[in-house]
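Working through the structure, step by step
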Amino acid sequence: MLKTTDPDIIERINHFTFDEVQNEVDLSDRVKMLSTLAYLLGMQANAEYKVMLPVALDNDVTPIEAKEVLYQAIDYLGLGRVFPFFKITNEILTAREVKLPLKSQSTTTMKNRLEKGEETQIRLFGKQMKDFAKKGTINKWLVNNCFGDYYTRTGLDDRDREMITFCYIAAQGGCEPQLMAHAQANIKLGNDKEFLTKVVEQNVPFIGYPRSLNAVTVINQADEAVNGKN
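A brief report on the enclosed structure follows.

The topology assignment puts Glu 162 in helix α9 (residues 158-172). No salt bridge is formed by the buried Glu 162; the nearest opposite charge belongs to Arg 161, separated by 9.0 Å. Side-chain polar atoms of Glu 162 contact the side chain of His 182, separated by 2.8 Å. Setting aside anything within four residues of it in sequence, one finds Glu 162 in contact with Leu 124, Phe 125, Tyr 151, His 182, Ala 185, Asn 186 and Leu 189.

This is the structure in structure tokens:
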């Protein structure tokens, strides 16, 4: 136990993470937990995810919402990094006597996923996304797979999905162009500069200061691009 081997450090870790940050960041428990799960997925923190998922489930995150955070991570982190979290998640849900599989949240078919994906992409990013799928193979997959397969699912709404997507990308680092695009999408949906900044602050203990500060810089730039200078 760290209380025995590293008592002074664990005292400061627990105080900062679970007292200071929690008391100063004004977000709902549900938003805090959804964002933390997404950040932990993005940074590949298997052990901490295993600790925090039960906390999330005890603090207003439903099993369906937890699964949707896991599923959507696939397109932003890749199968290789997400699949190990399936086992952790399923073991925790099963131990809590949650019957699996959960009710499907899919709303598209193999025939209409491209069409519905484009509709979703235009709704989130604007009319300039019309015919984005025609610009290349990866572009097409982004529309039919990322937006057609995942963003169209129920269980989380557009604001939830854009918020967790911001967290996946911020946790990885080195993806600032994509982080900027999703920061702007968040702001346009109503997840404003103040909200996104609080999401970052909530997760500073888990992700550290360099990527947190980088994310705040992107948020400020995105807000300026969407709303103009004050």
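From this point, the discussion proceeds with the structure in view.
In this section: the side chain of Ser 35. For Ser 35, the location among the structural elements is in helix α3 (residues 29-42). With residues up to four places along the chain from it excluded, the contact list for Ser 35 reads Met 163, Cys 167, Val 199, Gln 202 and Asn 203.

The contact between helix α5 (residues 63-77) and helix α6 (residues 79-95) brings their axes to 8 Å, and the two run at 170°. Judged on the interaxial angle alone, α6 and α5 are roughly antiparallel. As for the relative orientation of α5 and α6, their crossing is left-handed in sense. Listed contacts from α6 to Pro 63, Lys 67, Leu 70, Tyr 71, Ala 73, Ile 74, Tyr 76 and Leu 77 of α5 are Leu 79, Arg 81, Val 82, Phe 85, Phe 86, Thr 89, Asn 90 and Leu 93.

Considering all chains together, one arrives at one cavity of 30 Å³ or more under this definition. The volume enclosed by the largest cavity comes to roughly 40 Å³. Considering the residues around the largest cavity, the lining is formed by Ala 170, Gly 173, Glu 176, Leu 179, Arg 211, Asn 214 and Ala 215. With three residues, helix α13 (residues 209-227) is the largest single contributor of residues to the lining of the largest cavity. Considered class by class, the residues forming the lining of the largest cavity number three nonpolar, two polar and two charged.

Taken as a whole and assessed by the stated rule, the structure comprises six aromatic pairs. Where Phe 83 meets Phe 86, the ring centres are 5.3 Å apart and the plane angle is 75°; that geometry is what we call edge-to-face. Here Phe 83 pairs with Phe 86, and both are found in helix α6, just three residues apart, close to one helical turn. Judged by centre distance (5.9 Å) and plane angle (90°), the ring pair of Phe 125 and Phe 147 falls under edge-to-face. Taken as a pair, Phe 125 in helix α7 (residues 113-125) and Phe 147 in helix α8 (residues 137-151) lie far apart in primary sequence, 22 residues in all. Side by side, Phe 125 and Phe 147 carry an identical accessibility label, which is buried. Joined through ring pairs, the aromatic side chains of Tyr 71, Phe 83 and Phe 86 make up one cluster.

On to the packing of helix α4 (residues 46-57) against α6, then. Taken N-terminus to C-terminus, the directions of α4 and α6 make an angle of 35°; their axes are 10 Å apart at the nearest point. Our pair here, α4 against α6, has a crossing hand that is right-handed. Counted together, Asn 46, Tyr 49, Lys 50, Leu 53, Pro 54 and Leu 57 of α4 and Pro 84, Phe 85, Ile 88, Thr 89, Ile 92 and Leu 93 of α6 form the full contact between these two elements. Residue composition of the contact of α4 with α6, by class: nine nonpolar, two polar and one charged.

Our next topic: α8. Of the positions making up α8, those classed as buried are Asn 139, Val 143, Asn 144, Cys 146, Phe 147, Gly 148, Tyr 150 and Tyr 151. Summarising the contacts, the buried residues of α8 are in contact with α5, α7, α9 and α10 (176-189).

Calculation rules
Residues numbered from 1 in each chain as written. Predicted model: local features only at pLDDT ≥ 70, side-chain atom pairs only at ≥ 80, totals over all residues. Heavy atoms only, no water. Helix = DSSP H or I, 4+ residues; strand = E, 2+ residues; numbered from the N terminus. Buried < 20%, exposed > 50% of the residue type's maximum accessible area, 1.4 Å probe, protein only. Lys, Arg positive; Asp, Glu negative; His and termini not counted. Salt bridge = Lys/Arg side-chain N within 4 Å of Asp/Glu carboxyl O. Polar contact = N/O pair within 3.5 Å; in protein donor to acceptor, adjacent residues only side chain to side chain. Contact = heavy atoms within 4.5 Å. Axes fitted to C-alpha atoms, helices over the stretch in contact; angles between N-to-C directions. Parallel < 35°, antiparallel > 145°, perpendicular 65-115°, else oblique. Left-handed = near helix turned anticlockwise from the far one by under 90°. 1 Å grid on protein atoms, 1.4 Å probe; cavity = no way out; pocket = protein on both sides within 12 Å on 5 of 7 lines; lining within 4 Å. Points joined across faces, edges and corners; volume = space filled by probe spheres on them. Nonpolar A, V, L, I, M, F, W, Y, C, P; charged D, E, K, R; others polar. Phe/Tyr/Trp six-rings, centres within 6.5 Å; stacked < 30°, edge-to-face > 60°.

In short, the description is geometric, and any link to function would need to be established separately.
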